[in-house]
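# Chains, contacts and geometry: an overview
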Amino acid sequence: MTDWPTSKRSRKGRPSMTPEQQALADELHMRALSLRTASDGELSITEAVHLAAVQLGLEAPQTMTDQTAD
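Attention here is on the structure that accompanies the text.

Cut-offs used in this document
- Residues numbered from 1 in each chain as written.
- Predicted model: local features only at pLDDT ≥ 70, side-chain atom pairs only at ≥ 80, totals over all residues.
- Heavy atoms only, no water.
- Helix = DSSP H or I, 4+ residues; strand = E, 2+ residues; numbered from the N terminus.
- Buried < 20%, exposed > 50% of the residue type's maximum accessible area, 1.4 Å probe, protein only.
- Contact = heavy atoms within 4.5 Å.
- Areas by Shrake-Rupley, 256 points an atom, 1.4 Å probe, with all protein chains shown as cover.
- Arc of directions from axis to C-beta.
- Axes fitted to C-alpha atoms, helices over the stretch in contact; angles between N-to-C directions.
- Parallel < 35°, antiparallel > 145°, perpendicular 65-115°, else oblique.
- Left-handed = near helix turned anticlockwise from the far one by under 90°.
- Nonpolar A, V, L, I, M, F, W, Y, C, P; charged D, E, K, R; others polar.

Check the secondary structure of the protein chain and you find two helices and zero strands. Across the 70 residues of the protein chain, 11% fall into the buried class. Across the protein chain, contacts joining residues at least 24 apart in sequence account for 24% of those joining residues at least 6 apart. When the accessible area of the protein chain is evaluated, it comes to approximately 6,000 Å², of which 55% is carbon and sulfur surface.

Attention shifts here to unusual backbone geometry. One non-glycine residue, Asp 40, lies in the positive phi region at around 55°. Note on placement: Asp 40 falls in the loop between α1 (19-38) and α2 (45-55).

Once that is clear, we can look at α2. Taken as a whole, α2 has its buried residues at Ala 48, Ala 52 and Ala 53. With its buried residues spanning 135° around the axis, α2 presents them on a single face. In this structure, the buried residues of α2 make contact with α1. Downstream of α2 by one or two residues, Gly 57 has phi in the positive range, about 80°.

Here the focus is the packing of α1 against α2. Where α1 meets α2, the closest approach of the two axes is 8 Å, and the angle between their N-to-C directions is 125°. What the angle tells us is that α1 and α2 run oblique. The two elements α1 and α2 cross, and the hand of that crossing is right-handed. From α1, Leu 28, Arg 31, Ala 32, Leu 35 and Arg 36 reach across to α2, where they touch Ile 45, Ala 48, Val 49, Leu 51, Ala 52, Ala 53 and Gln 55. The residue makeup of the contact of α1 with α2, split by class, is nine nonpolar, one polar and two charged.

Quick look at the environment of Leu 24 now. Checked against the element boundaries, Leu 24 lands in helix α1. On the basis of relative accessible area, Leu 24 is assigned to the partly exposed category, the value being 38%. Expressed as a C-alpha distance, the spacing of Leu 24 and Leu 58, which sit 34 residues apart in the sequence, is 9.9 Å. In contact with Leu 24, not counting residues within four places along its chain, are Leu 56 and Leu 58.

Right under this line is the structure:
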(Lines give C-alpha, C1' and ligand atoms only; values in the text may rest on other atoms or scores of the structure.)
Protein backbone atom coordinates (compact mmCIF):
# COMPACT_ATOMS: atom_id res chain seq x y z
CA MET A 1 0.00 0.00 0.00
CA THR A 2 1.31 3.42 -0.91
CA ASP A 3 0.06 6.24 1.28
CA TRP A 4 0.92 9.42 -0.59
CA PRO A 5 0.52 12.73 1.17
CA THR A 6 -2.32 14.74 -0.34
CA SER A 7 0.02 17.54 -1.42
CA LYS A 8 2.05 15.17 -3.64
CA ARG A 9 -0.91 13.78 -5.58
CA SER A 10 -0.99 14.67 -9.23
CA ARG A 11 -4.15 16.55 -10.08
CA LYS A 12 -3.25 17.20 -13.71
CA GLY A 13 -6.36 16.86 -15.87
CA ARG A 14 -8.69 16.56 -12.88
CA PRO A 15 -10.95 19.26 -11.52
CA SER A 16 -9.87 20.81 -8.23
CA MET A 17 -11.58 19.57 -5.09
CA THR A 18 -12.51 21.59 -2.07
CA PRO A 19 -10.81 20.58 1.18
CA GLU A 20 -14.08 18.95 2.26
CA GLN A 21 -14.33 16.95 -0.96
CA GLN A 22 -10.70 15.87 -0.66
CA ALA A 23 -11.22 14.76 2.94
CA LEU A 24 -14.28 12.74 1.89
CA ALA A 25 -12.40 11.19 -1.03
CA ASP A 26 -9.55 10.25 1.30
CA GLU A 27 -11.96 8.70 3.81
CA LEU A 28 -13.69 6.73 1.05
CA HIS A 29 -10.32 5.49 -0.20
CA MET A 30 -9.11 4.42 3.25
CA ARG A 31 -12.39 2.64 4.10
CA ALA A 32 -12.45 0.80 0.78
CA LEU A 33 -8.83 -0.26 1.20
CA SER A 34 -9.51 -1.45 4.75
CA LEU A 35 -12.61 -3.40 3.69
CA ARG A 36 -10.79 -5.06 0.82
CA THR A 37 -7.84 -5.99 3.02
CA ALA A 38 -10.15 -7.41 5.71
CA SER A 39 -11.95 -9.51 3.09
CA ASP A 40 -8.69 -11.22 2.09
CA GLY A 41 -9.28 -10.20 -1.53
CA GLU A 42 -12.81 -11.62 -1.71
CA LEU A 43 -14.22 -8.16 -2.37
CA SER A 44 -13.35 -6.57 -5.69
CA ILE A 45 -12.14 -2.99 -5.65
CA THR A 46 -15.50 -1.90 -7.03
CA GLU A 47 -17.39 -3.80 -4.33
CA ALA A 48 -15.15 -2.37 -1.60
CA VAL A 49 -15.66 1.20 -2.83
CA HIS A 50 -19.43 0.67 -3.05
CA LEU A 51 -19.57 -0.76 0.47
CA ALA A 52 -17.44 2.10 1.81
CA ALA A 53 -19.76 4.60 0.12
CA VAL A 54 -22.78 2.92 1.72
CA GLN A 55 -21.07 3.02 5.13
CA LEU A 56 -20.39 6.73 4.69
CA GLY A 57 -24.01 7.35 3.66
CA LEU A 58 -22.99 8.48 0.18
CA GLU A 59 -24.81 5.71 -1.65
CA ALA A 60 -27.91 3.66 -0.91
CA PRO A 61 -27.43 -0.08 -0.49
CA GLN A 62 -28.41 -2.08 -3.55
CA THR A 63 -31.00 -4.77 -3.08
CA MET A 64 -30.71 -8.05 -4.89
CA THR A 65 -33.55 -8.77 -7.27
CA ASP A 66 -34.50 -12.07 -8.77
CA GLN A 67 -33.47 -11.78 -12.42
CA THR A 68 -33.95 -15.40 -13.41
CA ALA A 69 -36.05 -16.08 -16.49
CA ASP A 70 -39.07 -18.31 -16.09
